[in-house]
Amino acid sequence: MVCWALRRAAQVRVHLARKASGVCRGPEHQASGARPAAPEPATRGTLGAPGGTVELLGKSYPQDGYSNLSRKVLSRVGRNLHNRPHHPLWLIKERVKQHFYAQYVGRSGTPLFSVYDDLSPVVTTWQNFDSLLVPADHPSRKKGDSYYLNATHMLRAHTSAHQWDLLRAGLDAFLVVGDVYRRDQIDAQHHPVFHQLEAVRLFSRHQLFAGVKDGENLQLFEQSSRSAHKQETHTLEATKLVEFDLKQTLTRLMTHLFGDGLDIRWVDCYFPFTHPSFEMEINFHGEWLEILGCGVMEQQLVNSAGAEDQIGWAFGLGLERLAMVLYDIPDIRLFWSEDERFLKQFCVQDINQKVKFQPLSKYPAVINDISFWLPRENYTENDFYDLVRTIGGDLVEKVDLIDKFEHPKFH
């Protein structure tokens with residue numbers, strides 16, 4: 001009778017999902033001296049309900065029909081794992097910083113690239129999407145894909161959300177590191193909060209063509225047609241030189257992280273804010289792994305930020321992805337652990353020291369099947385994943401859809 005009543009009332013479909021718990025399969029111990037988790041965000045009214053407010057990082061945000069934040073995700077805001085000394089994400093960040101500081105030096109002998117690793121993760125939708133030329137109908141704008149405080153503010157989905165502001169401030173070479181937020185599935189490779197490192201570099205005509213034979217006769221810009229190889233405003237010569245510098249920069253970085261003899265390949269792809277665009281893959285232990293995305297910056301973006309006489313490149317990489325490969329960390333949720341058995345493995349004297357993660361527990365996973373009714377409208381799978389994370393926390397290792405059924409009477 002209960003299932004029949006639910007079915008009649010909601011006219012819903014039933015889905016079956018499988019979950020396995022296994023990340024923290026034994027008792028978890030608080031690391032001695034470890035920094036406590038960020039306090040729960042202050043809310044007035046029901047979280048996500050129009051008319052209420054959320055106070056986050058010292059500011060208050062009114063909720064509306066766009067608000068879709070869960071308490072679990074909000075509890076991660078302010079943790080800043082990338083700034084926590086001897087955390088594996090901090091180690092990766094510091095290794096990248098060390099490399100850029102040593103390899104790229106300005107005329108005065110100071111580092112060419114400036115680093116920003118404490119920018120607020122709360123950004124406007126304009127910063128996150130419009131400034132980066134993301135189309136109005138792009139899937140990433142949907143409530144099912146991104147976390148919104150309200151219609152105008154959100155938790156950044158990528159560190160690229162800061163590109164325009166930093167370019168507008170007059171910077172031409174910088175790194176941005178921070179936590180980013182995306183509604184995603186539940187498995188060992190995905191988490192709604194992860195960390196990115198973004199890099200941007202611009203070149204003037206003199207900088208790009210310095211040392212090139214007859215470089216004084218070459219130009220950055222022209223008016224032509226867009227092709228697979230270049231933008232309509234860029235000369236082919238300028239595009240190829242920027243692309244070459246970008247790929248050389250990334251090859252040197254990956255060699256610094258992984259060592260000599262690394263096998264690398266480039267795959268053409270699409271991003272709204274770069275063209276041409278590429279994904280970098282490395283062959284690690286016989287398997288090709290996608291490490292980062294990059295490309296020649298869209299000149300429309302650069303121009304709108306006030307750098308009309310320059311051309312540049314940008315790349316973004318996931319710190320968790322690199323750390324999981326470099327340190328053999330099998331599950332992305334481990335980065336949030338306060339277990340001293342995990343954290344002490346990365347307390348090394350030298351940030352370049354090799355570390356191989358040692359498993360915390362050998363207890364087998366517990367598998368359960370559940371079934372439930374779903375509403376016909378205003379539902380995405382990521383709604384269910386947020387619910388699982390809110391209730392089960394990081395104990396839930398994986399959720400798989402194994403079957404679904406729709407009764408013909410209620411089709």
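In the annotation of an unreviewed UniProt entry, the entry for the chain reads phenylalanine--tRNA ligase, and the organism field reads Delphinapterus leucas. If you open the UniProt record of the chain and go to Subcellular location (unreviewed entry), you find "Mitochondrion matrix". Its UniProt record gives the chain a comment under Sequence similarities (unreviewed entry), which states: "Belongs to the class-II aminoacyl-tRNA synthetase family."

A.B. asks: How would you summarise the overall build of the chain if you had to cite specific residues and measurements?
C.D. replies: Secondary structure summary: the chain contains 11 helices and 15 strands in total. Residues counted as buried form 49% of the 411 residues belonging to the chain. Within the chain, counting contacts between residues at least 6 apart in sequence, those at least 24 apart form 67% of the total. Total accessible area computed for the chain in this model is approximately 20100 Å², and 51% of it derives from carbon and sulfur atoms.

A.B. asks: An account of the layout of surface pockets is requested, with residue identities and associated values reported.
C.D. replies: Estimates place the volume of the largest pocket at around 1000 Å³. Breaking the lining of the largest pocket down by element, the ones donating at least two residues are β9 (193–203), β11 (274–284), β12 (287–297), β13 (311–318) and α9 (319–327). It is β12 that provides the largest number of residues to the lining of the largest pocket, a total of six residues. Looking at the lining of the largest pocket residue by residue, the classes come out as 15 nonpolar, 16 polar and nine charged.

A.B. asks: Describe the packing of helix α3 (residues 88–103) against α9, and please don't skip the residues or the numbers.
C.D. replies: Their axes nearest at 9 Å, the elements α3 and α9 cross at an angle of 100°. Between α3 and α9, the interaxial angle falls into the category roughly perpendicular. Between α3 and α9, the residues in contact are Pro88, Leu89, Leu91, Ile92 and Arg95 and Leu319, Glu320, Leu322, Ala323, Leu326 and Tyr327, respectively. Partitioning the contact of α3 with α9 into residue classes produces nine nonpolar, no polar and two charged.

A.B. asks: Can you break down the side chain of Arg84 residue by residue, with the values?
C.D. replies: Following the sequence through the fold, Arg84 ends up in the loop between α2 (71–74) and α3. Judged by its relative accessible area of 10%, Arg84 falls in the buried class. There is a polar contact of 3.0 Å between the side chain of Arg84 and the side chain of Glu338.

Each value, and the rule that gives it
- Residues numbered from 1 in each chain as written.
- Predicted model: local features only at pLDDT ≥ 70, side-chain atom pairs only at ≥ 80, totals over all residues.
- Heavy atoms only, no water.
- UniProt positions renumbered as here; feature names shortened; annotations may be inferred.
- Helix = DSSP H or I, 4+ residues; strand = E, 2+ residues; numbered from the N terminus.
- Buried < 20%, exposed > 50% of the residue type's maximum accessible area, 1.4 Å probe, protein only.
- Contact = heavy atoms within 4.5 Å.
- Areas by Shrake-Rupley, 256 points an atom, 1.4 Å probe, with all protein chains shown as cover.
- 1 Å grid on protein atoms, 1.4 Å probe; cavity = no way out; pocket = protein on both sides within 12 Å on 5 of 7 lines; lining within 4 Å.
- Points joined across faces, edges and corners; volume = space filled by probe spheres on them.
- Nonpolar A, V, L, I, M, F, W, Y, C, P; charged D, E, K, R; others polar.
- Axes fitted to C-alpha atoms, helices over the stretch in contact; angles between N-to-C directions.
- Parallel < 35°, antiparallel > 145°, perpendicular 65-115°, else oblique.
- Polar contact = N/O pair within 3.5 Å; in protein donor to acceptor, adjacent residues only side chain to side chain.

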